[in-house]
Amino acid sequence: MTTPTLMQTNRVPVVEIVVKDRLRPVTEAGVASLIASIEEIGVMKDAIHLRKKKDGKYYLIAGGHRLEAAKRLEWAEIEAKVWTNVTDDWARIMEIDDNLAGSEMNALDTAVFLATRKVIYERLHPETKQGGDRRSASFQMDTGSVRSFAAATAEKFGMTDRHVRRMIAAGAALSEEDVARLRAAPKQVALADLQVIGKLPPARRTDIVAALSEGRAKSAAKALSSIKREERGDITLNASDTALVKLVDQWARAPKSAKVAFVTKSRVELLELLSDLEASDD
């Protein structure tokens, strides 16, 4: 396997840099913040990273916001670290790590980046993939040096292992179309929204994504509740109706053991309610 080589650190003409196949678009806020910093201190703090391919062209690896800021400031050149012998996976990992370590990213982008990083990590280190042959020679040889992706990523970026796993699960459930539509939503989606969406079947997930992207719901949970009400034929809900919807939803999602425990604990109150209901029917 070839080893990536830092060919040079130099100033490269901005117009010669090719930008394609990025995991996320640059944001206005991110570019504006960089421009303000550059105008205040007079320099761009970090170089961008480029990949020089056999066609002789420079392809952006990391530094999309920095490059866009340079373009808007009408710089002719930008400081860059130029790499050769680079694989697609290595370039993508650098792009992801550069963003995770240095950018203020929202929940959606973080989930997408972590889910993508997991796919590449397990492709490069198949011995870490859950369900692999733990008795194999390769696993036994690497088990001391290569840990699970979530644990390694959690330590690398200062996150908890649980948080990493939640973000990965959310990002892995989204299609490219889902991501594009959620990025266009008038209200930025939160991790809680992504977790709700990630647990839904594809058809229902599409409905929730549409509701958020079109501004018809403030959260995935509320969008889901609204769709369920429509399916039941409910039109207007008062406070009691709303509480009922929540109770029915919680009951439907609760495991049998929890239902049994609830009925056992609330047995007396439930019997009284049933008795009142029978009396009113008479």
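Look up a bit, the structure's there.
Residues numbered from 1 in each chain as written. Predicted model: local features only at pLDDT ≥ 70, side-chain atom pairs only at ≥ 80, totals over all residues. Heavy atoms only, no water.

Caption draft 1: Region of interest: the sheet that holds strand S3 (residues 48-52). Spatially, S1-S5-S3-S4-S2 is the arrangement adopted by the 5 strands of the open sheet, whose pairing is mixed. The open sheet terminates on both sides in strands that have one partner only, identified here as strand S1 (5-13) and strand S2 (17-18). Pairing of S2 with strand S4 (residues 58-62), which is carried by 2 bridges, proceeds in the parallel orientation. Looking across to S4, one finds that Val-18 is bridged to Tyr-59. Against the sheet, helix H2 (residues 64-72) touches S2, S3, S4 and strand S5 (77-84), its axis set at about 125 degrees to S4. (Pairing = 2+ DSSP bridges. Helix = DSSP H or I, 4+ residues; strand = E, 2+ residues; numbered from the N terminus. Contact = heavy atoms within 4.5 Å. Axes fitted to C-alpha atoms, helices over the stretch in contact; angles between N-to-C directions.)

Caption draft 2: Summary view of the pairing of S5. Bridging between S1 and S5 involves 8 bridges; their strand directions are antiparallel. Considered in S5, the bridge of Pro-13 is made with Glu-77. As defined by bridge partners, S3 adjoins S5 across 4 bridges and the pair is classed as parallel. Bridging from a neighbouring strand, His-49 pairs with Lys-81 of S5.

Caption draft 3: Molecular detail of helix H11 (residues 220-232). With 13 residues, H11 should cover 18 Å at 1.5 Å per step; its first-to-last C-alpha distance of 18 Å lies within 8% of that length. Elements in contact with the buried residues of H11: helix H9 (191-198) and helix H10 (202-213). (Expected span 1.5 Å × (residues − 1).)

Caption draft 4: Just the side chain of Arg-204, in detail. Residue placement: Arg-204 occurs in helix H10. The residues contacting Arg-204, other than those within four sequence positions of it, are Leu-224, Ile-227, Lys-228 and Glu-231.

Caption draft 5: Representation of the pattern of salt bridges within the structure. Counted under the stated rule, the structure contains 17 salt bridges. When salt bridges that share partners are traced, they join Asp-21, Arg-22, Arg-92 and Glu-95 into one network. (Salt bridge = Lys/Arg side-chain N within 4 Å of Asp/Glu carboxyl O.)

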